[in-house]
Amino acid sequence: GVETDCRPDDRERVAREMSLMTAKINKLYGDNTVVFLRCKSISMEERMALWTVTDVLLNTCVRTGLDLFPMEYIYARGHGGGNGEAVCIISEFCACSRVLSGALRVNPWRTEEVSNAIDEALRMTQVELTMRWRRAKNNVLRYTLNTTP
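Residues numbered from 1 in each chain as written. Predicted model: local features only at pLDDT ≥ 70, side-chain atom pairs only at ≥ 80, totals over all residues. Heavy atoms only, no water.

1. Quick look at the confidence of the model for the protein
For the protein, the average pLDDT comes to 80, and 79% of its residues sit at 70 or higher. Mean pLDDT in the protein bottoms out at helix 1 (residues 10-29), which sits at 80, and peaks at strand 3 (residues 104-106), which reaches 94. (pLDDT = per-residue confidence, 0-100. Helix = DSSP H or I, 4+ residues; strand = E, 2+ residues; numbered from the N terminus.)

If you want it as C-alpha coordinates, here you go:
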(Lines give C-alpha, C1' and ligand atoms only; values in the text may rest on other atoms or scores of the structure.)
Protein backbone atom coordinates (compact mmCIF):
# COMPACT_ATOMS: atom_id res chain seq x y z
CA GLY A 1 0.00 0.00 0.00
CA VAL A 2 0.90 3.63 -0.11
CA GLU A 3 1.58 5.16 3.29
CA THR A 4 -0.39 8.21 4.37
CA ASP A 5 2.76 10.13 5.34
CA CYS A 6 4.08 10.23 1.78
CA ARG A 7 4.10 13.26 -0.48
CA PRO A 8 0.55 14.70 -0.85
CA ASP A 9 -0.16 13.64 -4.44
CA ASP A 10 1.62 10.28 -4.30
CA ARG A 11 -1.10 8.35 -2.51
CA GLU A 12 -3.92 9.24 -4.90
CA ARG A 13 -1.82 8.98 -8.06
CA VAL A 14 -0.29 5.63 -7.14
CA ALA A 15 -3.64 4.24 -5.96
CA ARG A 16 -5.21 5.15 -9.34
CA GLU A 17 -2.33 3.59 -11.29
CA MET A 18 -2.43 0.43 -9.19
CA SER A 19 -6.20 0.09 -9.61
CA LEU A 20 -5.85 0.33 -13.38
CA MET A 21 -3.00 -2.22 -13.42
CA THR A 22 -4.92 -4.62 -11.19
CA ALA A 23 -8.00 -4.47 -13.42
CA LYS A 24 -5.85 -4.97 -16.54
CA ILE A 25 -4.04 -8.02 -15.11
CA ASN A 26 -7.22 -9.66 -13.87
CA LYS A 27 -8.97 -9.04 -17.21
CA LEU A 28 -6.00 -10.33 -19.21
CA TYR A 29 -5.47 -13.54 -17.21
CA GLY A 30 -9.06 -14.24 -16.19
CA ASP A 31 -10.01 -16.72 -13.52
CA ASN A 32 -6.57 -18.31 -13.15
CA THR A 33 -4.94 -15.21 -11.69
CA VAL A 34 -6.38 -12.79 -9.21
CA VAL A 35 -4.49 -9.71 -8.18
CA PHE A 36 -5.87 -8.25 -4.97
CA LEU A 37 -5.52 -4.54 -4.28
CA ARG A 38 -6.81 -2.75 -1.24
CA CYS A 39 -5.81 0.81 -0.45
CA LYS A 40 -7.43 0.96 2.97
CA SER A 41 -6.21 -0.46 6.26
CA ILE A 42 -7.39 -3.95 7.08
CA SER A 43 -7.59 -5.69 10.43
CA MET A 44 -5.22 -8.43 11.56
CA GLU A 45 -8.01 -11.00 11.15
CA GLU A 46 -8.66 -9.88 7.56
CA ARG A 47 -4.94 -9.96 6.76
CA MET A 48 -4.52 -13.45 8.19
CA ALA A 49 -7.45 -14.69 6.11
CA LEU A 50 -5.93 -13.07 3.01
CA TRP A 51 -2.44 -14.44 3.72
CA THR A 52 -3.71 -18.05 4.04
CA VAL A 53 -5.02 -18.03 0.45
CA THR A 54 -2.28 -15.94 -1.18
CA ASP A 55 0.27 -17.87 -3.24
CA VAL A 56 2.89 -15.11 -3.49
CA LEU A 57 3.41 -11.98 -1.44
CA LEU A 58 4.94 -9.11 -3.42
CA ASN A 59 6.38 -6.26 -1.36
CA THR A 60 8.14 -3.57 -3.39
CA CYS A 61 8.51 -0.87 -0.75
CA VAL A 62 11.20 1.75 -1.21
CA ARG A 63 10.69 3.98 1.85
CA THR A 64 9.28 1.74 4.57
CA GLY A 65 11.17 0.84 7.71
CA LEU A 66 10.13 -2.37 9.42
CA ASP A 67 7.20 -3.82 7.50
CA LEU A 68 5.84 -6.86 9.32
CA PHE A 69 3.45 -8.01 6.57
CA PRO A 70 5.96 -10.46 5.05
CA MET A 71 6.53 -12.03 8.46
CA GLU A 72 2.77 -12.24 9.10
CA TYR A 73 2.37 -13.87 5.70
CA ILE A 74 4.96 -16.57 6.39
CA TYR A 75 3.44 -17.28 9.80
CA ALA A 76 -0.14 -17.42 8.47
CA ARG A 77 0.76 -19.80 5.64
CA GLY A 78 1.71 -22.47 8.15
CA HIS A 79 -0.35 -21.68 11.22
CA GLY A 80 -3.51 -20.01 10.01
CA GLY A 81 -4.77 -22.71 7.72
CA GLY A 82 -2.24 -22.32 4.93
CA ASN A 83 -0.37 -25.32 3.59
CA GLY A 84 3.14 -24.03 4.20
CA GLU A 85 3.89 -23.63 0.51
CA ALA A 86 4.60 -19.97 0.04
CA VAL A 87 7.17 -17.49 -1.15
CA CYS A 88 7.70 -13.79 -0.57
CA ILE A 89 9.16 -11.43 -3.10
CA ILE A 90 10.57 -8.63 -0.98
CA SER A 91 12.20 -5.32 -1.74
CA GLU A 92 15.84 -5.27 -0.74
CA PHE A 93 14.97 -2.00 1.02
CA CYS A 94 12.55 -3.76 3.39
CA ALA A 95 14.21 -4.41 6.75
CA CYS A 96 12.80 -7.94 7.07
CA SER A 97 14.36 -9.01 3.76
CA ARG A 98 17.54 -9.80 5.73
CA VAL A 99 15.63 -12.06 8.12
CA LEU A 100 13.47 -13.96 5.63
CA SER A 101 16.17 -16.06 4.03
CA GLY A 102 13.67 -18.02 1.94
CA ALA A 103 12.36 -14.89 0.23
CA LEU A 104 13.30 -13.67 -3.22
CA ARG A 105 14.91 -10.24 -2.83
CA VAL A 106 14.48 -7.64 -5.55
CA ASN A 107 15.38 -4.06 -6.25
CA PRO A 108 11.94 -2.51 -6.88
CA TRP A 109 13.43 0.10 -9.21
CA ARG A 110 14.47 -2.68 -11.60
CA THR A 111 11.15 -3.68 -13.12
CA GLU A 112 12.59 -6.55 -15.16
CA GLU A 113 14.09 -8.03 -11.99
CA VAL A 114 10.70 -7.80 -10.24
CA SER A 115 8.97 -9.33 -13.25
CA ASN A 116 11.46 -12.21 -13.35
CA ALA A 117 11.00 -12.84 -9.63
CA ILE A 118 7.21 -13.02 -10.05
CA ASP A 119 7.66 -15.48 -12.90
CA GLU A 120 10.11 -17.55 -10.84
CA ALA A 121 7.76 -17.60 -7.84
CA LEU A 122 4.77 -18.69 -9.92
CA ARG A 123 6.78 -21.49 -11.57
CA MET A 124 8.38 -22.90 -8.40
CA THR A 125 7.86 -26.55 -7.61
CA GLN A 126 5.98 -27.51 -4.44
CA VAL A 127 9.26 -28.79 -3.00
CA GLU A 128 11.03 -25.46 -3.52
CA LEU A 129 8.04 -23.48 -2.20
CA THR A 130 7.99 -25.61 0.94
CA MET A 131 11.76 -25.36 1.39
CA ARG A 132 11.73 -21.56 1.04
CA TRP A 133 8.74 -21.23 3.38
CA ARG A 134 10.45 -23.41 6.03
CA ARG A 135 13.64 -21.33 5.92
CA ALA A 136 11.64 -18.12 6.28
CA LYS A 137 9.37 -19.61 8.98
CA ASN A 138 12.33 -20.73 11.07
CA ASN A 139 13.66 -17.17 11.12
CA VAL A 140 10.23 -15.69 11.86
CA LEU A 141 9.90 -17.98 14.86
CA ARG A 142 13.51 -17.43 15.96
CA TYR A 143 13.49 -13.61 15.77
CA THR A 144 9.95 -12.88 16.88
CA LEU A 145 9.33 -11.80 20.44
CA ASN A 146 7.67 -14.60 22.37
CA THR A 147 5.70 -13.35 25.37
CA THR A 148 4.74 -16.81 26.57
CA PRO A 149 6.46 -17.70 29.88
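2. Some points on the sheet that holds strand 1 (residues 56-59)
An order of 1-2-3 is seen for the three strands of this open sheet, with the pairing classed as parallel. Edge positions in the sheet fall to strand 1 and strand 3, since each has one partner strand and no second. Strand-to-strand twist in this sheet, taken as the mean axis angle between neighbours without regard to direction, amounts to 15°. Two strands pair when backbone bridges link them, and strand 1 and strand 2 (residues 87-91) are joined in this way by four bridges, in the parallel orientation. Its bridge partner being in strand 2, Val56 is matched across the sheet by Val87. (Pairing = 2+ DSSP bridges. Axes fitted to C-alpha atoms, helices over the stretch in contact; angles between N-to-C directions.)

3. Some remarks on the nonpolar core
Residues Tyr73, Ile74, Cys88, Ile90, Cys96 and Leu100 are the most contacted members of the largest nonpolar core, which totals 17 residues. Of all the secondary-structure elements, those providing two or more residues to this core are helix 3 (69-79), strand 2 and helix 5 (126-143). No other element matches helix 3, which puts four residues into this core. Once you skip the residues sitting within four places of it in the chain, Ile90 turns out to touch Asn59, Pro70, Cys96, Ser97, Leu100, Ala103, Leu104, Arg105 and Val106. (Core = buried A, V, L, I, M, F, W, Y, C linked by side-chain atoms within 4.5 Å. Buried < 20%, exposed > 50% of the residue type's maximum accessible area, 1.4 Å probe, protein only. Contact = heavy atoms within 4.5 Å.)

4. What about the environment of Cys61?
On the secondary structure map, Cys61 appears in the loop between strand 1 and helix 3. It is 5.9 Å that separates the C-alpha atoms of Cys61 and Ser91, two residues lying 30 residues apart in sequence.

5. Side note on the packing of aromatic side chains
Under the defined criterion, the tally for this structure stands at two aromatic pairs. Judged by centre distance (5.9 Å) and plane angle (85°), the rings of Trp51 and Tyr73 are edge-to-face. With a gap of 22 residues between them, Trp51 in helix 2 (residues 44-53) and Tyr73 in helix 3 connect regions that are remote in the sequence. With relative accessibility at 7%, the residue Trp51 sits in the buried group. Classification of Tyr73 by relative accessible area gives buried; the value is 0%. An aromatic cluster of at least three residues, connected via ring pairs, comprises Trp51, Phe69 and Tyr73. (Phe/Tyr/Trp six-rings, centres within 6.5 Å; stacked < 30°, edge-to-face > 60°.)

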